[in-house]
Amino acid sequence: GARYKYTTRKGGIGKWSQAPLTKEHWKEFDSVFDKVLGDVEIADPFRFFQYESVPGMPEALGEFDLDTDPRRWEPYLLVMLRDGMIVPDPYFRLDGKDDRGELMDFKYNKPQLSFDECNCDGSPRYHLFVSESCPLASAVSAARTLLGLDSMISMDVADGKSGAGLVFLNGCSCAPWKGSEGPFWLYSVYQLSNSIATTLITAPVLWDTVEQKIVSNDAWEILKLMSHEDDQSDLISYNDALGVILKEGLCPREQMEAIENMYSDLSSSIFNVEDVGLECIAQVGKDGRVDDNFERILTKLQELNDLLGKRRFLLGNNLTGVDIFLAMFLFRFDACYTPLFGLSNHGAFVGSILMGDSYPNLKGYSRELYQELKSTLKIQGFRQIFRLPCAISFTRQAIHSTNASLPSANEPIPDLNQIVGSLEEPATGRPEGAAARPSNSAPRIIRDGMTMPMWFRDDTVQLYRDLDLRDDDIILSSGVKMGTTWVTKILNSLLYDFDDDGKTTSAYMDDSFPNRLGQTYPDALFPSREVEKHEMATKDEEFVKRMKMLKTNFGDFVFDDLLNQPSPRLFSSHLSGKNLLPKKLFDGWKDGDDYAINGDVSNGDKAGPMNKGIGRLIVVVRNLKDTLVSLHHFRGVPKDGWLGNEHGPGSYARAIDIENCPNAFGSSFLWVKRSGEVVDAVGPERALVLQYEDLKLDFDTQLQRINDFLGLSKLTDAKAKAVAAECAAKSMKEKTGGRFKMIIRKGMVGDWQNYLDDERWEEFDRVFDKVLGGVDIAEKLRQYQCKEGLDEITAAQEKS
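Heads up: these notes are all about the structure in this document. (Residues numbered from 1 in each chain as written. Predicted model: local features only at pLDDT ≥ 70, side-chain atom pairs only at ≥ 80, totals over all residues. Heavy atoms only, no water.)

**A short note on helix H22 (residues 699–709)**
Worth spelling out the cut-off: Only protein chains enter the accessibility calculation, which uses a 1.4 Å probe; a residue whose area is less than 20% of its type maximum is buried, one above 50% is exposed, and one in between is partly exposed. Only DSSP runs of H or I reaching four residues or more are called helices, and only runs of E reaching two or more are called strands; each is numbered from the N terminus. The directions from the helix axis to the C-beta atoms are what the arc is built from. Contacts between residues were defined by any pair of non-hydrogen atoms, one from each residue, lying within 4.5 Å.
For H22, the complete set of buried residues consists of Phe699, Gln702, Leu703, Ile706, Asn707 and Phe709. Projected down its long axis, H22 shows its buried positions confined to an angular sector of 165°, all on one face. Those residues of H22 that are exposed and aimed more than 90 degrees away from the buried face are Asp700 and Asp708. Buried residues along H22 sit against helix H14 (484–497), strand S16 (616–621), strand S17 (687–691), helix H21 (692–697) and helix H23 (717–726). Just past H22, the residue Gly711 takes up positive phi, approximately 70°.

**Some words on unusual backbone geometry**
Look at the link from Ala175 to Pro176: it is a cis peptide, with omega at 5°. With respect to the helices and strands, the residue Pro176 is situated in the loop between strand S6 (165–168) and strand S7 (184–185). Residue Pro204 is bonded to the preceding Ala203 through a cis peptide linkage, with omega at 10°. One non-glycine residue, Lys481, lies in the positive phi region at around 65°. Secondary-structure assignment places Lys481 in the loop between strand S14 (474–478) and H14. Positive phi outside glycine occurs at Leu756, with the angle close to 60°. Relative to the helices and strands, Leu756 is located in the loop between helix H24 (729–735) and helix H25 (758–772). Its relative accessible area of 25% is what places Leu756 among the partly exposed residues.

**Let's talk about the packing of helix H9 (residues 321–341) against helix H12 (residues 416–424)**
Put simply, the rule is: Every axis in this analysis is a line fitted to C-alpha atoms, fitted for helices over the stretch in contact. Angles between the N-to-C directions lie between 0 and 180 degrees. Convention used here: angles under 35 degrees read as roughly parallel, angles over 145 as roughly antiparallel, angles from 65 to 115 as roughly perpendicular, and any remaining angle as oblique. By convention, the crossing between two helices is left-handed when the near helix turns anticlockwise from the far helix through less than a right angle, and right-handed when the turn is clockwise.
Packing of H9 against H12 leaves a shortest axis separation of 10 Å and a crossing angle of 150°. Classified by the angle their axes make, H9 and H12 are roughly antiparallel. Crossing angle aside, the handedness with which H9 passes H12 is right-handed. Across from Phe331, Asp334 and Ala335 in H9, the residues of H12 making contact are Leu416, Ile419 and Leu423.

**Notes on the environment of Phe498**
On the secondary structure map, Phe498 appears in the loop between H14 and helix H15 (529–538). Its relative accessible area of 7% is what places Phe498 among the buried residues. Considering only alpha carbons, one finds Phe498 and Ala720, 222 residues apart in sequence, at a separation of 9.2 Å. Residues in contact with Phe498, not counting those within four places in the same chain, are Ser493, Lys503, Thr504, Thr505, Tyr508, Lys719, Ala722, Val723 and Glu726.

**Points about the environment of Asn623**
Inclusion rule: Side-chain atoms alone can form a polar contact between residues adjacent in sequence; in general such a contact is a pair of N or O atoms within 3.5 Å, and within protein one must be able to donate a hydrogen while the other accepts it.
Tracing the backbone through its elements, the reader meets Asn623 in the loop between S16 and helix H18 (624–633). Given a relative accessible area of 0%, Asn623 falls into the buried group. On a C-alpha basis, the gap between Asn623 and Gly750 in space is 8.9 Å, while along the polypeptide they are 127 residues apart. Not counting the four nearest positions on each side in its chain, Asn623 is found in contact with Glu693, Trp752, Leu781, Tyr784 and Gln785. Within polar-contact distance, the side chain of Asn623 engages the backbone nitrogen of Lys625 at 3.2 Å. A distance of 2.9 Å separates polar atoms of two side chains, one belonging to Asn623 and the other to Asp626.

**Focus: the side chain of Arg387**
What counts here: When charges are tallied, Lys and Arg are placed among the positive residues and Asp and Glu among the negative ones, while His and the ends of the chain are skipped. Note on definitions: salt bridges are taken to be side-chain nitrogens of Lys or Arg within 4 Å of carboxyl oxygens of Asp or Glu.
Inspection of the secondary structure puts Arg387 in the loop between helix H10 (360–373) and helix H11 (388–400). Look at Arg387: it is buried, it has no salt bridge, and the nearest opposite charge is Glu74 at 7.0 Å. Of the polar contacts made by the side chain of Arg387, one reaches the backbone oxygen of Lys161; its length is 2.9 Å. Once residues lying within four places of it in the same chain are set aside, the contact partners of Arg387 are Gly56, Pro58, Pro70, Arg71, Trp73, Glu74, Tyr76 and Lys161.

**Examining H11**
Convention followed: Expected helix span is taken as 1.5 Å per residue step, with the number of steps being one fewer than the number of residues.
With 13 residues, H11 extends 18 Å from end C-alpha to end C-alpha; this agrees with the ideal 18 Å at 1.5 Å per step. Within the sequence span of H11, burial applies to Leu388, Pro389, Cys390, Ala391, Ile392, Phe394, Thr395, Arg396, Gln397, Ala398 and Ile399. Contacts made by the buried residues of H11 are with helix H1 (23–37), helix H2 (46–49), strand S2 (85–88), helix H7 (273–282) and H9.

**A few points about the pattern of salt bridges**
In this structure the tally under the stated criterion is 36 salt bridges. For the salt bridge of Lys300 with Glu303, the shortest nitrogen-to-oxygen distance reads 2.8 Å. Of the two residues, Lys300 and Glu303 both sit in helix H8 (residues 289–307), 3 residues apart, roughly one turn of that helix. Take Lys300: its relative accessible area is 12%, and that puts it in the buried class.

**As for the packing of helix H3 (residues 135–146) against H9**
With their axes 9 Å apart at the nearest point, H3 and H9 run at an angle of 135° to one another. Taken together, the axes of H3 and H9 are oblique relative to one another. Between H3 and H9 lies a crossing of right-handed hand. Contacts between H3 and H9 involve Pro135, Leu136, Ser138, Ala139, Ala142 and Leu146 from the first element and Ile324, Phe325, Met328, Phe329, Arg332 and Tyr337 from the second.

This is the structure:
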């Protein structure tokens, strides 16, 4: 009953700091600890808990600039995890005894991942931890943006290194640490993934928030996982500004052998420059290995300079992942490696890369890539590598209980402003070839006052306008990012896929018909197989590649296939307005009402009232603020961001530019206005307006509305449940072979609150009132464009 009373107290960690002793007392205590236990391995983890505060904390990354000298900061301790505990890194022992032990290799057990998966709160499943002080981590961060994965993989950037490794001063933004107060240390990620891991604490780290495991901490493996997402041969990116579909991939499978060979070659030379420099600073490897490695690095630079005088990029005319890696090292070469590692003293050194003329082709190559990558860089983080000499000495003081002085910080270091100035200069004398990224400067296609996507075909749209409608035909017209994909799937499931018992029919997932595994846009199709065969044989290579990609995304169909669908036929598109939808949908149609290819379209409602409209119209709308946010993030954040930069006006300015909006299918405001006019013209008996928010918040009721509008048999509970399960976002992504992955994001109502400021949204509201005031189908959108009441809606979504 009282046996433990005298032996058990509080058991708290860090309570020693509250004892009535001075800092001098504890400093003396630390000296005794180092003297007696400096070489005792099991005592190493105690050090971390005997610091009053973690030594060597960096300044916040956003609070210092290109002129900041991080050598003035407090020195940090170089650490690692041994059996899951933080210890000083024994690599830096003065006696050369490197007893790191066998380091753990973090590798995922799947060859591909699906990066479009989300958690219940809408946050991405996968998360990156990176550091700007590491070129490998910077390369992965840049690749994330180039591949259009910014909205699909969340990311935290470390402020720098500390006595407990890489630290994120403001905390972590992913599960399970999200919401916890900073600072947050990267070692926690390693410890949670494997509680007894022996490993270096390095970035980048790709983290799985669901499994709570490290997917990989190997930068090259992470880049390949991102490039080969879910076993796609390459990623598809959609540039919303001009509606241009771009084919991009940093590791095309047909080039993988050459890419791997190039990466392996550079890994043994350029990419290990920091490891070689570390040996140099730490004064290990004095058997000549360091000098030999430096010579190999400098020789390889000359070889690369010769190669890039003949090629635009390392493997020809297309940018690959290995180019991104090389660029990150070249950006740092003059700024960091040459002065810190004393490369200019080596016999093979011929000059700087960016600040001289010794490597003209490497300089031009670096400048060209910098223009593509600079939006992803935080260059002020480069200089943190100059903290390394002090960190090594400080770590040795702890390991060996010495009081040796730390290296001087008086030697000048290169001016980062000059480095950036050189990178900003034009890349002259580059070999001709493909640009780093496909050009977005193609001429705009304007029809009926709207910018059309590059796939738009006038000949097929004329066929669509002349469509011989049937009474049960369904014309689905939905704005970009307003729910087109989702409603197309709902209609297919309701019409074809399930019987009254909720069991799948023979038509289920039958991709031999259009629209079954993703919408089939009529304006993107060849009119017939004969036209397709002719044009694919006679058009240029770029046209052929674009059409093949369209078939990958929308199915291998032509317009004749839409005509041959079983009844009721479904025609799904973003087209809107009387001048682009089928003529017979409207009262007063007449034959011979032509569609003019020059964009000056004749009206289809000028004929007499003798012909009544045919078919049913379903219009899908969504509050325009969430529409804008979804459009902004669609397959990657645009280079000009929200508010514009040297690359363009920004997503916000494009959205409110009503008359000249360059987005595919024009201004969302005008799209809703046109659709309101169409709904009024068709009338309530043959036109149904579906609001995205209603579907999201009360799916069952809206499904019943659709069923009743189409005049289908009574909707049974079994069939309704089957349709709901089939049309859940997760189910759609898993069952479509990747077709929906590029177009489904969060789908959350009210997500717009997390972006822009009140001033911008108030301006947006004024544009809304000016363009859509008095438009019936727009009035209900207002309630989701006001902050009042959205908290309750957000809570309901998270619960569901």
